[in-house]
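Here's the letter readout for the chains.
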Amino acid sequence: MSDPWLNFQYMIEFSDTSRDSKGLCNVLSISSQAVKRGTSSYYENPLKGGPVKHYVYGQSYTEPINISILLGDGARPWLKWFSNVQTGKSPELRNVTISLLKYGSNQNDPDKGNIWLRWDLINCFPASWQLSGMEVGDSPTPMKIDMTLQFESMVVHDGNNQLHEVMG
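Residues numbered from 1 in each chain as written. Predicted model: local features only at pLDDT ≥ 70, side-chain atom pairs only at ≥ 80, totals over all residues. Heavy atoms only, no water.

### A short note on the nonpolar core
Convention followed: In this text, buried Ala, Val, Leu, Ile, Met, Phe, Trp, Tyr and Cys residues form a nonpolar core when linked through side-chain atoms within 4.5 Å. A simple rule labels every residue: compare its accessible area, found with a 1.4 Å probe on the protein chains alone, to the largest value its type can have, and call it buried under 20%, exposed over 50%, or partly exposed in between. Working definition: helices are DSSP H or I runs of at least four residues, strands are E runs of at least two. Numbering for both runs from the N terminus. Contact criterion: two residues are considered in contact whenever any of their non-hydrogen atoms come within 4.5 Å of each other.
Within the largest apolar cluster, 21 residues are counted, with the highest numbers of intra-cluster contacts made by Ile-12, Ile-67, Ile-69, Trp-78 and Met-147. Elements with a contribution of two residues or more to this core: β1 (10-14), β2 (25-31), β5 (65-70), α1 (76-86), β6 (94-101), β7 (115-132), β8 (144-150) and β9 (153-158). In this view, Ile-12 contacts Gly-23, Leu-24, Cys-25, Val-27, Ile-67, Ile-69, Trp-78, Val-96, Thr-97, Ile-98 and Met-147; residues no more than four positions away in its chain are not counted.

Given below as structure tokens:
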């Protein structure tokens, strides 16, 4: 039996609709770490008895998310964003949306109610990126961009309903 998850498609795009191009691309892979809560501890030495350890819980923070996208027409805004950061222009934070399309949906019409789940990454910044060339062997592999995005918060949506604000 084949894995049914292989038939789902992920798409990524800039959430900002004020831009000329949304940077809509197919996602090859996503890898992320857990959302973490900052912690620290300190010892207090009371007058009587031994030292007591106290824990302080801070704000939530995320590890960067690693995403691989196919290099195509939609990748041009991503490359421009990376180029602006690399040339020392002021860092531009962007909102990014990752969509999981419903089974059998047309990837060219993600706005037609075909979105099953959506993750909005708020205030993203590219921590790293790498453009990998096409490899030719037994079967050619597509050109792709491997990028690492740091983000401040994430909102998860089920279709049009907000499920949970993970951070922020």
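That was the structure; now back to the text.
### Observations regarding the side chain of Thr-148
With respect to the helices and strands, the residue Thr-148 is situated in strand β8. Setting aside anything within four residues of it in sequence, one finds Thr-148 in contact with Pro-64, Ile-65, Asn-66, Phe-125, Pro-126, Ala-127 and Ser-128.

### Digging into the side chain of His-157
Quick reminder of the rule: Here a polar contact is taken to be a pair of N or O atoms separated by no more than 3.5 Å, where protein atoms must pair a possible hydrogen donor with a possible acceptor and residues adjacent in sequence count only if both atoms sit in side chains.
Residue placement: His-157 occurs in strand β9. At a separation of 2.9 Å, a polar atom in the side chain of His-157 contacts the side chain of Asp-120.

### Here's the deal with the pairing of β1
Threshold: Paired strands are those between which DSSP finds at least two bridges.
For β1, the buried fraction is high: four of the five residues fall into the buried class. The sheet contact formed by β1 and β6 spans five bridges and is antiparallel. Looking across to β6, one finds that Met-11 is bridged to Ser-99. Across two bridges, β1 lies against β2 in antiparallel orientation. The residue of β2 that forms the bridge with Met-11 is Asn-26.

### Re unusual backbone geometry
We note that Asn-123 has phi near 55 degrees; this positive angle belongs to a residue other than glycine. Mapped onto the elements, Asn-123 comes out in strand β7. With a relative accessible area of 26%, Asn-123 lands in the partly exposed category.

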